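Residue-level listing of the chains:
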Amino acid sequence: MMQLDFERLRSMGLTPALANQAMACAAQLDGAMPLAAMRLAVLHRETVQLHDGAHEHTARVLPRLARALAEEEDALAVGDWVLAAPDAHGEHWVHARVPPQTRLVRRDADGRRHPVVANVDTALLVMGLDADFNPRRMERFLALVQGSGVAPVIVLSKADTVADARALFARMQTLRERLPAGVEIVALDARDAEAAACLAQHTLPGRTLALLGSSGAGKSTLTNTLLGAARQDTGAVRESDGRGQHTTTARSLFRLPGGACVIDTPGLRALRPDADEARVAATFGDVAALAPQCRFRNCTHREEPGCAVREGVDYDRLRNYHKLLREAKRDTMSALERQRQVAMWKARGRAGAARAKAKRGIG
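Criteria and thresholds
Residues numbered from 1 in each chain as written. Predicted model: local features only at pLDDT ≥ 70, side-chain atom pairs only at ≥ 80, totals over all residues. Heavy atoms only, no water. Salt bridge = Lys/Arg side-chain N within 4 Å of Asp/Glu carboxyl O. Helix = DSSP H or I, 4+ residues; strand = E, 2+ residues; numbered from the N terminus. Buried < 20%, exposed > 50% of the residue type's maximum accessible area, 1.4 Å probe, protein only. Phe/Tyr/Trp six-rings, centres within 6.5 Å; stacked < 30°, edge-to-face > 60°. Lys NZ or Arg CZ within 6 Å of the ring centre and 35° of its normal.

*Asks:* Just checking my understanding: could you explain the pattern of salt bridges for this structure?
*Replies:* Oppositely charged side chains can form a pair if their charged atoms are brought close together. In total, this model carries 13 salt bridges according to the counting rule given. Between Arg136 and Glu139 there is a salt bridge, and its shortest N-O distance comes to 3.1 Å. On the criterion of helical spacing, the pair formed by Arg136 and Glu139 is a turn pair, its members being 3 residues apart in helix H4 (residues 135-145). One salt bridge connects Asp316 with Arg319, and the closest N-O pair in it is separated by 3.5 Å. With a gap of 3 residues between them, Asp316 and Arg319 both fall in helix H11 (residues 315-331), about one helical turn apart. Residue Asp316 is classed as partly exposed on the basis of its relative accessible area of 33%. In this structure, a network of salt bridges that share partners links the residues Arg136, Glu139, Asp286, Asp314 and Arg317.

*Asks:* Any chance you could explain unusual backbone geometry here in plain terms?
*Replies:* Comment: phi is negative for the bulk of residues other than glycine, and the bulk of peptide bonds are trans. The backbone of Glu73 sits at a positive phi, close to 55°, despite the residue not being glycine. Residue placement: Glu73 occurs in the loop between helix H3 (63-71) and strand E5 (81-86). Using a relative accessible area of 56% as the deciding quantity, one classes Glu73 as exposed. A positive phi is found at Lys158, a non-glycine position, where the angle reads about 60°. On the secondary structure map, Lys158 appears in the loop between strand E10 (151-157) and helix H5 (165-176). With relative accessibility at 17%, the residue Lys158 sits in the buried group.

*Asks:* Explanation requested: the packing of aromatic side chains in the structure shown.
*Replies:* Here a ring pair, both rings aromatic, is described through the centre-centre distance and the interplanar angle of the planes. Within the structure shown, the criterion is met by 1 aromatic pair. Ring centres of Phe284 and Tyr321 lie 5.3 Å apart, and the angle between their planes is 65°; on these two criteria the pair is classed as edge-to-face. Taken together, the positions of Phe284 in the loop between helix H8 (277-283) and helix H9 (285-290) and Tyr321 in helix H11 put the pair 37 residues apart, joining distant regions of the chain. Residue class for Phe284 comes out buried when judged on its relative accessible area of 0%. Note on Tyr321: relative accessible area 10%, which makes it buried. Here the guanidinium or amino end of Arg171 rests over the ring plane of Phe133, the centre of that ring lying 4.5 Å away.

Take it as geometry only, folks, not as evidence of what the structure does.
Now the structure itself:
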């Protein structure tokens, strides 16, 4: 027995495609259960907060579902649609996850995948125009989003800290020269009510936005502005480096007054996108455009003579490109291949140390 009030759930971001997926999932479960489609709003260690378009419910995930997701190296994420039902004691349990339409996933240092958010239409990549401004970090956020089906929008917050319009234009131009074609850039003061108007085309009814960026970039401040109320705690940034104090500690989904949803996320200390080589290449369109002009067809853009990429691409940007490519290649390796690579680098390190000793006449 499936309860699905589409009009009510549309304000939570339910689409016809997701509704059909939910009905298909329900058909595979026990038809006697009073299943309801709900959206995951907050993910805690032991419980989750679900929203059915009218009320929030605290629920637990069935161990069977948690094990099935873990076996697939997967997990629930804020923004997921799930099927839940109350037990005899009135406690809600999550029985199934509706396959997500879009997902943003990062990897940890060991290469394991961690979903960030699910079923998002637009990712607002927030970066402050103060000490937080870092084009290299933005390239990583773009690699996270590129090719996922989520539209990236770069939001330069703290526009009030820039001295004049000329300086602001220079910052925006620095990014535009490095962005894939068509990526939108918006500069705003996240505290100003006009910020909501600047993003109005992305907050249409039924759409979902996710705010991503480093701690202190202004994500929670912008969330409060979009909500028209101070729902998220905000804090000052350190004067030394412009970083925040991680006031936001959990991803949370909110409904906006106009019928859209927004997911606020904590600042990521380290970001390793779950991106393959093609997605990395799509993020660095200037490298791909210059590569045919290199002298050698198989140029790696490192030390080869006649490399048009090295001549035309900023050194730090090219270094970031190579680093993201290495991470992407490593993530596709098997455990044995990784062990061989580590052994190879250790052997090279020992050989280098031996050569250094020989030059100094040691040993």
